[in-house]
Amino acid sequence: MTAVVASSAAVFVVLTLVVGLLVAALSRVVPERAWARPSTPWALSILLPLVVALAGSLALFLPTPFSACHCAAHDHHPHLCFAHPSLAEPLLVPASVLVGLWLLSIAPGAVRLSLALVRSARRIRAVRRLAPVRVDQTEVRFVDSGVPTAFTAGVRAPIIVLDRAMWAALGERDREVVLYHERGHVHRADPLTSLVLRASLVLQPWLPRSLFERWQHAAELDCDRHAAEHVGDPSAVAAALVSVGRLRSAMPFADEALSGVFGADGLEARVTALLDDQPAPGGSRRNDVIAILIPLLGVLALVTVWPGDVLHHAVETVIGFLHH
Amino acid sequence: MSIAAAPPLGELETAVLDVLWSSSSALSVRAVLARVRRRPALAYTTVLTVLDRLHGKGVVVREKEGKAYHYSPRVTREEWFGERAARALAGAAPGHDDAVLVAFLDSTERVDPHLLDKLSALIAARRKGKPR
């Protein structure tokens, strides 16, 4: 039985790698400006290899609806079968080595992320204890952060944090934009999504980090659009971005801190997108649903239709070939 | 007070500040000395120096009562730790990378003033209805 479980885990790792490399190759084809929004496809590009690999590796052990167990029919390769686990014994060593290598490769990232999460949770708890202030029916925390910034933090109940100096320096319209932008992040549960995607990237060290950055960028564009809807003027959102950028440019940053995730391109792309008056969020939501449905249907097909003996037997044959 | 502007506190300063936070009223140097639990025990002059330093940093306020100063914290414990945590989250330090935080603009992003001028001109042109 141990051999079957180890083999299943090895199939998971291989499928994650194969689908991940496929996704990485496809993402290079998509020009950044041509598909900036919606954000869901970028989130799915990170999650999809894991979902497919999980479904695929589990599907290998589902009773096939189309044929009987073929373990007894031939013995020229090992069999991944819960009914006859002894037939998978030859796979124990190679599968364990593969899974071990994968665990070794993800360990540093997992430790880093875990430590960062503990640190963040402690800090967010401390900020949450600050007295909340209601601004335009939104609960916010004002702080002297030392940086002209506004951010949303926390997974279960995100809090909006506004820098006092920035708030004082902004005009009424800019303040409204900042507030609605952050409300967009809360509404979309972006901190939670960010955490899930980062954890997924840790499990797939071969996936390019640019996929996560493109999700981040798309999420910002969506929240800019959310703010534009509420203030009724995309150019007001663009102006608020520039206002915060001006406050930021006056900061005495160290040289190595000059480039952010997107550097100046992030701001420029967001302002341009707002001025270009891109499609309404209704379309974006429809695209999101389609983007979710297509891979889900693919996974469903993989689990219910394809496995049969075809995928199962194909994987076993390949493993058997590698084994011999 | 801008707490963010205050420099980090040392271990002794934090211990003294803890005493002030635990008290419902302002304390004299002698009262602080009596409440700080440390081994070996602190000298009166040490506590006086620490309180003086905290006052210099703007972390505590003092009022003269009789011949001696009485000290009280300028902010509550929650405000102090909350503000400092927010500062850390805001990523004032280079290399900031938080998994559960999304910011209006990337916290480490500083933009070229020329680009800001160009973007302002674009926005103004759009508002006037001019072709870009």
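As the structure is a prediction and not an experimental result, all values here were calculated from the model.

Rules and cut-offs
- Per chain, residue numbering runs from 1 following the sequence as it is written.
- Going through the entries in the order they are written, you letter the chains from A and number the ligands from 1.
- The model is predicted, so local features are restricted to residues of pLDDT at least 70 and side-chain atom pairs to those at 80 or more, both for listing and for counting; the totals for chains, interfaces and linings are taken over all residues.
- Side-chain descriptors were evaluated using all non-hydrogen atoms of the structure, hydrogens and water having been removed beforehand.
- Working convention: axes come from line fits to C-alpha atoms, limited for helices to the stretch in contact. Angles between N-to-C directions cover 0 to 180 degrees.
- For the purposes of this entry, the term helix denotes a DSSP run of H or I that reaches at least four residues, the term strand denotes a run of E that reaches at least two, and both are numbered from the N terminus.
- Each angle receives one of four descriptions, namely roughly parallel if under 35 degrees, roughly antiparallel if over 145, roughly perpendicular if within 65 to 115, and oblique otherwise.
- Contact between two residues is taken to exist if any of their heavy atoms lie within 4.5 Å; hydrogens are not considered.
- Under the scheme applied here, ten amino acids are nonpolar (Ala, Val, Leu, Ile, Met, Phe, Trp, Tyr, Cys and Pro), four are charged (Asp, Glu, Lys and Arg), and all others, including Gly, are polar.
- Patch building starts from residues that exceed 30% relative accessible area and form no salt bridge, then joins like charges within 9 Å and nonpolar side chains (Val, Leu, Ile, Met, Phe, Trp, Tyr) within 5 Å.
- Here the open area of atoms and residues is found with the Shrake-Rupley method and a 1.4 Å probe, where only the protein chains shown may cover a residue.
- Basic side-chain nitrogens of Lys or Arg form a salt bridge, by our definition, when they fall within 4 Å of a carboxyl oxygen of Asp or Glu.
- Under the scheme applied here, a residue whose accessible area is under 20% of the maximum for its type counts as buried, over 50% as exposed, and between as partly exposed, the area being computed with a 1.4 Å probe on protein chains only.

Here we look at the packing of helix α1 (residues 11–22) of chain B against helix α3 (residues 44–56) of chain B
All names here are of chain B.
Right, on to step 1. The contact between α1 and α3 brings their axes to 10 Å, and the two run at 85°. Here α3 runs roughly perpendicular to α1, going by the angle between their axes. In this structure, α1 uses Leu-12, Glu-13, Val-16, Leu-17 and Leu-20 to contact α3, whose residues at the interface are Thr-46, Val-50, Leu-51, Arg-53 and Leu-54.
Right, on to step 2. Among the residues making up the contact of α1 with α3, the classes are represented as seven nonpolar, one polar and two charged.

Points about a nonpolar patch on the surface
Right, on to step 1. Judged by side-chain polarity, Val-93, Val-97, Leu-101 and Leu-104 of chain A come together as a nonpolar surface patch covering roughly 420 Å² of accessible area.
Right, on to step 2. By the element assignment, Val-97 of chain A lies in helix α3 (residues 92–128).

Re the pattern of salt bridges
Right, on to step 1. For the coordinates displayed, the defined rule picks out 16 salt bridges over all chains.
Right, on to step 2. For Arg-164 of chain A, the salt bridge goes to Glu-83 of chain B, with nearest N and O atoms at 3.0 Å. Of this pair, Arg-164 of chain A sits in helix α4 (residues 164–169) while Glu-83 of chain B sits in helix α4 (residues 77–89), on two different chains.
Right, on to step 3. With relative accessibility at 36%, the residue Arg-164 of chain A sits in the partly exposed group.
Right, on to step 4. Overall, Glu-83 of chain B belongs to the buried group, its relative accessible area being 4%.
Right, on to step 5. A network of salt bridges, in which partner residues are shared, links Arg-134, Glu-139 and Arg-141 of chain A.

No statement about biological role is implied by the geometric values presented.
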